[in-house]
Amino acid sequence: MGFFDGLRGGRAAQFDSGSASSNAIELTRRHPTISLTKQGAVSGNLRVNLSWRMRTSDIGGPSGQSSQLLRHPFKLFKPEIVQAHTQGMVNVDLDIGCLYELSDGSKGVVQPLGNFLGDINSPPYVKLSGDDRFGAPSGETLFVNLDHAEEIKRLLVFVYIYDQTPAFDRTHALVTLYPATGPRIEIALDERAPEARSCAVLTIENVKGDLIVRREVKFVYGFQAELDRLYGWGLQWGRGYKTTKA
């Protein structure tokens, strides 16, 4: 197998089923669901992490890049990583949140806006680790207590842009689920939606005792209220703001 054949095949090989080296399962349009129950991953805390980085072509690559490639052709195979979380580079504030519905019928939201940070040991059994305005490498994380899986009817994990700059099409955003046991589960927000402000990323639903994760990746042009209408949550929404940090 030639060098370029290896490059073309490498990316396809890690999609859908994961690989032993990455220990990850990627949910795609072709394979959008996975059962946490069948994976034996319905106990302990499920960690749901949001991370992202900017597309270098959209924030201005180095000047004279073409001529540099002529002089140093192997730079083509060394992509430049630019973290989206650098304050001086771009004004994008991606937040992760979660709509929940419990088996007793109670509903609500866990999100930075309004300081609805949830609770891990009592209803809704979902907790936000905090609001990362500029993004440490760890990004933002939700925790779901799966020791209470039978009390959870459904969850909708979503991502939204808090500020006034729609920029989903300029970010490489990734939501990763880390069960207490088994491989991690990855969902890339890789569809082009330049004007979208929110994205329904995934649902976790209790279907007759089977906890199913489903890839959604549905972009909308509004915020939480529009996601609510799309998935029929029935909550009342008002304008929210973040508190100022010292």
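Residues numbered from 1 in each chain as written. Predicted model: local features only at pLDDT ≥ 70, side-chain atom pairs only at ≥ 80, totals over all residues. Heavy atoms only, no water.

A. Local environment of the pattern of salt bridges. One pass over the full model with this rule turns up four salt bridges. A salt bridge links E101 to K153, with the shortest nitrogen-to-oxygen separation between them at 3.5 Å. Of this pair, E101 sits in strand β4 (residues 94-102) while K153 sits in strand β9 (residues 152-161), and the two are 52 residues apart along the sequence. By relative accessible area, which is 8% here, E101 ends up buried. Overall, the relative accessible area of 41% leaves K153 in the partly exposed class. Several salt bridges share partner residues, and in doing so they unite E101, K153 and R154 into one network. (Salt bridge = Lys/Arg side-chain N within 4 Å of Asp/Glu carboxyl O. Helix = DSSP H or I, 4+ residues; strand = E, 2+ residues; numbered from the N terminus. Buried < 20%, exposed > 50% of the residue type's maximum accessible area, 1.4 Å probe, protein only.)

B. Highlighting the nonpolar core. By size, the foremost hydrophobic cluster in this structure holds 43 residues, and its most contacted members are L142, V159, F168, V175, L177, L189 and L202. Filtering out sequence-adjacent residues up to four positions away, V159 remains in contact with L50, L94, D95, I96, F168, V175, L189, R197, S198, C199 and V201. (Core = buried A, V, L, I, M, F, W, Y, C linked by side-chain atoms within 4.5 Å. Contact = heavy atoms within 4.5 Å.)

C. Main features of unusual backbone geometry. Residue P124 is reached from P123 by a cis peptide bond, and omega for that bond is 15°. Looking at where P124 falls in the secondary structure, it is placed in the loop between β6 (118-119) and β7 (126-128). The phi torsion at K208 lies on the positive side, around 50°, for a residue other than glycine. You can see K208 is positioned in the loop between β12 (198-207) and β13 (210-220). Despite not being glycine, V217 has its phi angle at roughly 45°, a positive value. In this fold, V217 is placed in strand β13. When its relative accessible area of 4% is taken as the criterion, V217 is described as buried.

D. Highlighting the pairing of β13. Counting buried positions over the 11 residues of β13 gives eight, a clear majority of the element. When strand β2 (residues 33-35) meets β13, the two strands line up antiparallel, connected through three bridges. Among the inter-strand pairings, I34 is bridged to a residue of β13, identified as V213. Two elements, β12 and β13, share nine bridges in a ladder whose sense is antiparallel. (Pairing = 2+ DSSP bridges.)

E. Summary view of the confidence of the model for the chain. On average, residues of the chain score 77 in pLDDT, and 66% of them reach the 70 mark or higher. Looking at the elements of the chain, mean pLDDT is at its lowest for helix α1 (residues 3-13), recorded as 36, and at its highest for β2, recorded as 97. Confidence drops under pLDDT 50 across residues 1-21; counting only partners more than four residues distant or on other chains, this segment forms 17 contacts. (pLDDT = per-residue confidence, 0-100.)

F. Highlighting the sheet that holds strand β5 (residues 107-110). Across the sheet, six strands lie side by side as β2-β13-β12-β9-β4-β5; this open sheet has antiparallel pairing. Each end of this open sheet is capped by a strand with a single partner; those strands are β2 and β5. Across this sheet, the average inter-strand angle for adjacent strands is 20°, counted without regard to direction. Across nine bridges, the pairing between β4 and β9 is antiparallel. Opposite C98, over in β9, you have V157 as the bridge partner. Contacts from helix α3 (residues 224-231) reach β4, β9, β12 and β13, with the element oriented near 125° to β13. (Axes fitted to C-alpha atoms, helices over the stretch in contact; angles between N-to-C directions.)

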